[in-house]
Amino acid sequence: VAGAYRFAIEPGAETVTTVRAALYFRRRVKTVGIAPLTSMFWHGENTNAATDDFRPEVHDSDGLMIQTGAGEWLWRPLTNPKAVRVAAFGDEKPRGFGLIQRDRDFEHYQDLEASYHMRPSAWVEPMGGWGAGSVRLVEIPSPDESNDNVVAFWTPDKLPPAGTPFELV
């Protein structure tokens with residue numbers, strides 16, 4: 001694949017980046033991940049695995065949030081699974097998705113160095129109609145907090161033929 005991207009960045013209390021992309025697939029592909037986000041989830045409220053760690057929770061994000069094309073809000077808590085897990089949330093023209101850190105209480109993390117309670121969230125909001133597809137969530141086992149083990153991205157149901165531009169905003 002070859003592509004051209006334009007990034008317009010507006011810094012502030014909330015940094016907003018507007019991305020325009022044109023992708024050109026050189027041959028037919030089965031799957032593509034659009035607007036990928038990565039994060040880390042080692043342990044937290046939703047895990048039962050014992051860790052040798054004094055902190056009650058250790059994660060950069062605690063869930064995947066999706067606003068569907070119909071306006072419905074979905075929340076899927078993250079985990080640190082024993083084996084790779086992939087979940088797909090089908091939708092038509094999604095309004096947005098992101099890896100979110102909702103829990104902002106220092107006492108839930110008790111970490112003065114990493115400040116997990118202050119980690120930023122990441123949100124993707126399609127400006128043009130992305131059509132039918134799915135938000136995919138991939139959770140990868142991790143023995144500690146040093147790995148980004150969570151990935152979320154959009155996968156369109158249909159891609160254009162090779163050589164035809166696939167444009168996204």
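Quick caveat, the model's predicted, so the values are computed rather than measured. (Residues numbered from 1 in each chain as written. Predicted model: local features only at pLDDT ≥ 70, side-chain atom pairs only at ≥ 80, totals over all residues. Heavy atoms only, no water.)

**Regarding the overall build of the protein**
The secondary structure content of the protein amounts to zero helices and 13 strands. If you list the helices and strands of the protein from N to C, you get β-β-β-β-β-β-β-β-β-β-β-β-β. Along the first, second and third principal axes, the C-alpha set of the protein runs to 55 × 40 × 30 Å. Residues counted as buried form 41% of the 169 residues belonging to the protein. Long-range pairs, those at least 24 residues apart, make up 63% of the contacts in the protein between residues at least 6 apart in sequence. Where the 17 positive side-chain charges of the protein centre and where its 23 negative ones centre are 14 Å apart. (Helix = DSSP H or I, 4+ residues; strand = E, 2+ residues; numbered from the N terminus. Buried < 20%, exposed > 50% of the residue type's maximum accessible area, 1.4 Å probe, protein only. Contact = heavy atoms within 4.5 Å. Lys, Arg positive; Asp, Glu negative; His and termini not counted. Charge placed at Lys NZ, Arg CZ, Asp CG, Glu CD.)

**What to know about the sheet that holds strand β13 (residues 165-168)**
Taken in spatial order, the three strands line up as β1-β2-β13 in an open sheet, and their pairing is antiparallel. Of all the strands in the sheet, just β1 (2-10) and β13 have a single pairing partner and so form its edges. This sheet shows a mean twist of 10 degrees between the axes of neighbouring strands, independent of strand direction. (Pairing = 2+ DSSP bridges. Axes fitted to C-alpha atoms, helices over the stretch in contact; angles between N-to-C directions.)

**Thoughts on the pairing of strand β2 (residues 16-24)**
Here β1 runs beside β2; their pairing, made up of nine bridges, is antiparallel. When the bridges of β2 are listed, Phe7 appears paired with Val19. Following β1, the chain reverses through five residues before pairing antiparallel with β2. The pairing of β2 with β13 spans four bridges and is classified as antiparallel. The residue of β13 that forms the bridge with Leu23 is Phe166.

**A few points about the side chain of His43**
Secondary-structure assignment places His43 in strand β4 (residues 41-43). Judged by its relative accessible area of 5%, His43 is buried. A polar contact is formed between the side chain of His43 and the backbone oxygen of Pro56, at a distance of 3.3 Å. Apart from the residues lying within four places of it in its own chain, the contact partners of His43 are Thr51, Asp53, Arg55, Pro56, Glu57, Val58 and His59. (Polar contact = N/O pair within 3.5 Å; in protein donor to acceptor, adjacent residues only side chain to side chain.)

**Points about the environment of Glu139**
Its place among the elements puts Glu139 in strand β11 (residues 132-139). Judged by its relative accessible area of 1%, Glu139 is buried. Sequence-wise, Glu139 and Asp62 are 77 residues apart; in three dimensions their C-alpha atoms are separated by 12 Å. In this view, Glu139 contacts Arg76, Pro77, Leu78, Thr79, Pro81, Ala83, Val84, Arg85 and Asn149; residues no more than four positions away in its chain are not counted.

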